[in-house]
Amino acid sequence: MKTIKYKPRLTAADIPDNDNKYYIRKADGGYSPCIKGSPTHAHLTALSNCVGWAIGRAMEILQTQTNLLPHLNAEDFYNNTTLEKGQTPKPGAVICWKQGKLWNGNDGAGHVAVVEKVISESEIITSESAYGGMAFYTKTRKKGNGNWGAGSSFEFMGFIYLPAECVPEEDTVIIPDEDVPTADKPAEYKVGDIVDFKGGVHYASSSADKPVGGVRTAGRARITAVAPTAKHKYHLIGEKGGSDVYGWVNSDTIGTATPSASIAVGDKVKMADGAPIYGTSDKFAGWVYSSVLYVRELSGDRVVVSTKPSGDVTGAVDKKYLTKI
């Protein structure tokens with residue numbers, strides 16, 4: 001999966017420029033397939049409308065003129081997308097709520113917004129628009145009772161993930177190729193590496209002075225961003241069955257992941273979130289990562305797994321992404 005850097009829109013001052021075609025309808029010379037917003041912005045004619053915002057923002061982040069999201073009412077996004085979905089916030093993801101019954105706009109059309117920044121696993125900053133309301137606004141949303149700050153008439157459904165590793169520009173730094181003797185050079189890790197987090201605090205940004213969220217447990221985690229010159233160099237998200245870390249951490253709090261316990265044909269295992277299909281960069285269906293899997297075949301580091309101890313197989317994965325249970 002490719003990594004895309006994007007500039008997060010975090011305040012009301014970050015409203016798109018008037019000539020930003022991602023928020024201008026095709027009929028008006030832009031890229032948006034959406035209806036006119038209401039009230040219609042003088043220039044960004046797909047606004048005010050949460051659907052117009054989410055579709056435009058997704059295209060803008062991905063830098064494409066092709067809409068990859070469902071062109072439907074907001075509440076119908078989640079069940080009608082081919083993109084990966086989940087319950088955990090990620091930068092660039094579209095957060096979805098429904099109102100009343102699906103496919104029935106008479107009892108409310110739901111709402112969608114875009115995750116601009118993940119502060120912690122339970123706090124995010126979103127960019128939004130509202131049909132009949134404001135053309136653009138941002139909100140700091142907390143998970144709270146699980147509804148992410150929405151009113152009682154709304155029900156949280158989940159997050160739709162864009163098909164890229166979306167990283168806010170402020171947290172994205174290229175690792176320099178420093179001329180340091182090998183014996184003295186500390187271990188370097190890259191985005192996608194799985195490491196052992198030693199436990200401790202994490203931070204909302206790579207330069208933050210104070211930690212957030214209390215002490216995180218030790219365990220396995222994945223590196224999702226690197227800022228080598230910052231105070232807190234690595235951004236981690238805990239793996240299933242591993243640490244509950246979800247933030248920026250110091251270099252001395254992580255180490256190379258220890259090999260998983262040896263596995264054999266017939267063992268039950270769990271697969272790390274986002275693990276690619278063996279030999280490719282393609283991902284498994286989302287449900288695979290939350291399933292108990294059986295080891296069906298072993299050949300070197302290639303492991304064939306299935307949700308059943310016999311019969312059809314699910315696919316092959318590198319054994320480093322598997323944890324015996």
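Residues numbered from 1 in each chain as written. Predicted model: local features only at pLDDT ≥ 70, side-chain atom pairs only at ≥ 80, totals over all residues. Heavy atoms only, no water.

Quick look at the overall build of the protein now. Helices and strands together make up the secondary structure of the protein, namely 1 helix and 20 strands. Whereas a compact globule of 325 residues would reach a radius of gyration of roughly 20 Å, the protein reaches 21 Å, a difference of no more than 12%. Seen through its principal axes, the protein has C-alpha atoms that stretch 60 × 50 × 35 Å. Counting only contacts in the protein whose residues sit at least 6 apart along the sequence, the fraction spanning at least 24 positions is 57%. Only carbon and sulfur atoms are counted for the fraction: they give 50% of the accessible area of the protein, which is about 15,600 Å². When the 37 positive and 36 negative side-chain charges of the protein are each reduced to one mean point, those points stand 4 Å apart. (Helix = DSSP H or I, 4+ residues; strand = E, 2+ residues; numbered from the N terminus. Rg over C-alpha atoms; globule rule 2.2 N^0.38 Å. Contact = heavy atoms within 4.5 Å. Areas by Shrake-Rupley, 256 points an atom, 1.4 Å probe, with all protein chains shown as cover. Lys, Arg positive; Asp, Glu negative; His and termini not counted. Charge placed at Lys NZ, Arg CZ, Asp CG, Glu CD.)

Read across the sheet, 5 strands follow the order β14-β13-β12-β9-β15 without closing on themselves; strand pairing throughout is antiparallel. The sheet is open, and its two edges are formed by β14 (246-249) and β15 (254-256), each paired on a single side. For this sheet, the mean angle separating the axes of adjacent strands, direction not counted, is 45 degrees. As defined by bridge partners, strand β9 (residues 194-197) adjoins β15 across 3 bridges and the pair is classed as antiparallel. Each residue of the ladder has a partner; that of Phe197, found in β15, is Ile254. (Pairing = 2+ DSSP bridges. Axes fitted to C-alpha atoms, helices over the stretch in contact; angles between N-to-C directions.)

Spatially, 5 strands are ordered β19-β18-β17-β16-β20 in an open sheet, and the strand pairing comes out antiparallel. Across the chains shown, the open sheet's two edge strands, defined by having one partner strand only, are β19 (315-318) and β20 (322-324). If you compare each strand with its neighbour and ignore which way they point, the axes differ by 50 degrees on average. Two elements, strand β16 (residues 268-271) and strand β17 (residues 293-299), share 2 bridges in a ladder whose sense is antiparallel. Each bridged residue has a counterpart across the sheet, and for Lys268 the counterpart in β17 is Tyr294.

A word on unusual backbone geometry. Cis rather than trans, the peptide bond between Ser38 and Pro39 has omega equal to -5 degrees. Counting through the fold element by element, Pro39 comes out in the loop between β1 (3-6) and α1 (50-62). Across the junction of Leu47 and Ser48, the peptide omega takes the value 10 degrees, indicating a cis bond. Structurally, Ser48 is set in the loop between β1 and α1. Positioned with a positive phi, Gln63 is a non-glycine residue whose angle comes to about 55 degrees.

Residue placement: Ala113 occurs in strand β4 (residues 111-120). The buried category is assigned to Ala113, whose relative accessible area is 0%. Residues Ala113 and Thr126, spaced 13 residues apart in sequence, show a C-alpha to C-alpha distance of 6.2 Å. Ignoring anything within four residues of it in the chain, the contact list for Ala113 reads Ala93, Val94, Ile95, Trp97, Thr126, Ser127 and Glu128. (Buried < 20%, exposed > 50% of the residue type's maximum accessible area, 1.4 Å probe, protein only.)

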